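Descriptive structure summary
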Amino acid sequence: MVDARVVTPSGTLPGGVAATDGRIVAVGTETNLPDADREIDAEGNYLIPGFIDPHVHWGLSRYEFEDYHEGLAHDFETETRGAVHGGVTTVVNFLLQREPYLPDMDFFREVGRENSYIDFAYHAIVHQDHHVEEIEGLVDEGIRSFKVFFNWYKHASPELGIDHSDAGRVYQVLDTVSDVNGGVVMFHAENEDLAYERRQELKEEGRNDLEAWTEASPNVAEAMQIEQIGRLTEYTDSRAYIVHMSTAEGVDVCERFQDRGINLHAETLPAFLAHTNDEDLGVWGKISPPLRKERSKTRLWEGLRTGVVDYLGTDHCPHKIEFKEKDEGKYGDMWDAIPGDNNGIEYFLPVMMSEGVNENRLSMERVVEVCAENNAKRWGLYPRKGALVEGADADMVIVDLEKRRTVDDEFYHTMEPGYSTFHSDELTGLPTHTIVGGEVVVEDDELQVEPGDREYLPRGENGVPM
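Residues numbered from 1 in each chain as written. Predicted model: local features only at pLDDT ≥ 70, side-chain atom pairs only at ≥ 80, totals over all residues. Heavy atoms only, no water.

Across its full length, the protein chain carries 13 helices and 16 strands. Relative to its length of 466 residues, the protein chain is compact, with a C-alpha radius of gyration of 21 Å against a globular reference of 23 Å. In terms of principal-axis extent, the alpha carbons of the protein chain reach across some 70 × 45 × 45 Å. In the protein chain, buried positions account for 64% of the 466 residues. Surface summary for the protein chain: the accessible area is close to 16700 Å², and the carbon and sulfur share equals 42%. Of the charged side chains in the protein chain, 42 are positive and 92 negative, and the gap between their average positions amounts to 5 Å. (Helix = DSSP H or I, 4+ residues; strand = E, 2+ residues; numbered from the N terminus. Rg over C-alpha atoms; globule rule 2.2 N^0.38 Å. Buried < 20%, exposed > 50% of the residue type's maximum accessible area, 1.4 Å probe, protein only. Areas by Shrake-Rupley, 256 points an atom, 1.4 Å probe, with all protein chains shown as cover. Lys, Arg positive; Asp, Glu negative; His and termini not counted. Charge placed at Lys NZ, Arg CZ, Asp CG, Glu CD.)

So, about the side chain of H123. Mapped onto the fold, H123 is located in strand β7 (residues 119-125). A distance of 2.8 Å separates the side chain of H123 from the backbone oxygen of P54, its partner in a polar contact. Discounting chain neighbours no more than four positions away, the residues touching H123 are P54, V92, N93, F94, L95, I143, S145, M186, W379 and R459. (Polar contact = N/O pair within 3.5 Å; in protein donor to acceptor, adjacent residues only side chain to side chain. Contact = heavy atoms within 4.5 Å.)

Right, let's talk about the sheet that holds β7 for a bit. The strand order across the open sheet formed by eight strands is β5-β6-β7-β8-β9-β10-β11-β12, and the pairing between neighbours is parallel. Edge positions in the sheet fall to β5 (51-56) and β12 (311-312), since each of these pairs with one other strand and no more. On top of the sheet, helix α2 (residues 105-115) reaches β6 (88-95) and β7; it is set at about 145° to β7, its chief contact. (Pairing = 2+ DSSP bridges. Axes fitted to C-alpha atoms, helices over the stretch in contact; angles between N-to-C directions.)

Right, let's talk about the packing of helix α1 (residues 68-86) against helix α12 (residues 344-357) for a bit. In the contact formed by α1 and α12, the axes pass within 7 Å of each other and the chain directions differ by 10°. The pairing of α1 with α12 is recorded here as roughly parallel in orientation. The residues of α12 that touch α1, namely those facing E79, G82, A83, H85 and G86, are I345, E346, L349 and P350. Of the residues that constitute the contact of α1 with α12, the class distribution is four nonpolar, three polar and two charged. (Parallel < 35°, antiparallel > 145°, perpendicular 65-115°, else oblique. Nonpolar A, V, L, I, M, F, W, Y, C, P; charged D, E, K, R; others polar.)

It is worth spelling out the sheet that holds strand β16 (residues 446-447) at this point. Strands sit in the order β3-β2-β1-β4-β13-β14-β15-β16 across an open sheet of eight strands; the sheet is mixed. Looking at strand neighbours, the two that pair on one side only are β3 (23-28) and β16, the edges of this open sheet. Strand direction decides the pairing type here: strand β15 (residues 439-443) and β16, joined by two bridges, are antiparallel. Within β16, the residue paired with E443 across the bridge is E446. Set on the sheet, α12 makes contact with β4 (46-49), β13 (396-406) and β14 (426-436); between it and β14 the angle comes to about 130°. Across the sheet, helix α13 (residues 364-378) lies against β1 (4-8), β2 (11-20), β4 and β13, angled at about 25° from β4, the strand it touches most.

So, on to the pairing of β2. Looking at chain direction, β1 and β2 are connected through five bridges and run antiparallel. If you follow V6 over to β2, its bridge partner there is L13. Hairpin geometry of β1 and β2 is characterised by an intervening segment of two residues between the two adjacent antiparallel strands. Bridging between β2 and β3 involves five bridges; their strand directions are antiparallel. Its bridge partner being in β3, A18 is matched across the sheet by A26. The antiparallel pairing of β2 with β3 creates a hairpin that spans two residues between the two strands, and D21 there sits at a positive phi of about 55°.

Here we take up helix α8 (residues 248-259). For α8, which comprises 12 residues, the first-to-last C-alpha distance of 17 Å matches the rise-based estimate of 16 Å (1.5 Å per residue) to within 8%. Taken residue by residue, α8 has A248, G250, V251, V253, C254, F257 and Q258 as its buried positions. Those residues of α8 hidden inside the fold are in contact with α7 (219-236), β10 (240-242), β11 (264-268) and α10 (294-306). G261, located one to two residues past α8, shows a positive phi value of around 85°. (Expected span 1.5 Å × (residues − 1).)

Moving on, we get to the UniProt feature "domain: Amidohydrolase-related" (unreviewed entry) in the protein chain. UniProt's feature table lists "domain: Amidohydrolase-related" (unreviewed entry) at residues 46-441, given in the numbering used throughout. Secondary structure over residues 46-441 splits into 39% helix and 18% strand, and the C-alpha atoms at its two ends are 18 Å apart. (UniProt positions renumbered as here; feature names shortened; annotations may be inferred.)

For V389, the location among the structural elements is in the loop between α13 and β13. Taking the relative accessible area as the measure of exposure, V389 reaches 24% and is therefore partly exposed. In the structure, V389 is positioned 76 residues away from G313 in sequence and 23 Å away in space, judged by C-alpha atoms. Not counting residues up to four positions away in its chain, the partners in contact with V389 are P9, I24, V27 and P383.

A separate point is the pairing of β11. Counting buried positions along β11 gives four out of five residues, so the element sits mostly inside the fold. One ladder, built from three bridges, connects β10 with β11; its direction is parallel. Across the sheet, I242 pairs through a bridge with A266, a residue of β11. Taking the sense of rotation as the criterion, the β-α-β connection linking β10, α8 and β11 turns out right-handed. Across two bridges, β11 lies against β12 in parallel orientation. Note on β12: the bridge partner recorded for E267 is Y311. (Right-handed = clockwise from strand over helix to strand, strands pointing away.)

Right under this line is the structure:
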């Protein structure tokens, strides 16, 4: 790779990167790079590490697959195909089933190896008592991050099969994971008790609009859960991570606990950084937690700049559109439609370039930090992943900040039909090449490889093996 603006942990430099056998062997000016069998001209564009998406839900492709395992195999192929087109080169997927996880670990490893276009790791969703009992065994299998729904989905979407967790289970999981080196407890933080009452009131008023979905889980519903999480994290001397934080109040609560030295951190989503709840999105805009008002959007960007919010993910939920809409179309029943955004992994990088770098909200270096480097560090993948440094996997993306695409049916390479909160938006700043393990997998929007032959990334006490 030559004639690039190479973004490294120590700064951006003109030059390139050399790779052999899937690993980076040199980073520097072109005169200091070794000769190569193939040379790619970046034409003065940025060369960055591939994005790491720490928040996806493969296996949710309902309507076509009743069996979770069958859906998982399907989604690994379709959704990681979208990932490489979008510049994402590593993913951490949430395991979700009512049954114990440990008996199925061989399957979970092989299903990704056989069907994925990118390397992958796992988090485990803890929503049954036996899942709590499995934590120690899952650690031995290379899983050190565990998600708790506190206390959402009790009534919001029972067909997803997720049982809620109360403060007692939150304490149990935090206390157990506090003894795991590098262990983290992840939280969906929405108060379902308050939301249930608000939903009944809004339904009685005849409301069926996107703003009503926000009002049904008001900002305080997120803030009050994060407050409890922060206090229980302090009590157990553990480590907590708020997934898909959506509110200004959430940023404020996290900042207060961080200032006191509590290990409470947060991610947000591209959708929350680009959209508000007054847009004409129909049920496609129904996300949990919901889209908010401009004040929260502005505060989330501020949190990214100051470091209070230090991570980005997508919460990519590959539902069939019929399942999402409950067969009622884009403007169907807001209360009955399934929450979740689709195709997030494919628009992740383009949105952060378009809304972040090109709008001067974040520097390219900060975008790389919160979308690649920090995600690698938090989930035990660094320095093998997340940075253009010698010895790291050669997962790289050339980004043209002037390349434009409208997010339409032709944009997507994931499960069809494609839809998302960004449908019909124009994005500026897209990949021209995606390289995984030193192999060009997408070039000028054309897929170059077949799926499979990728690696499961088990995370040990010292991270993932090099």
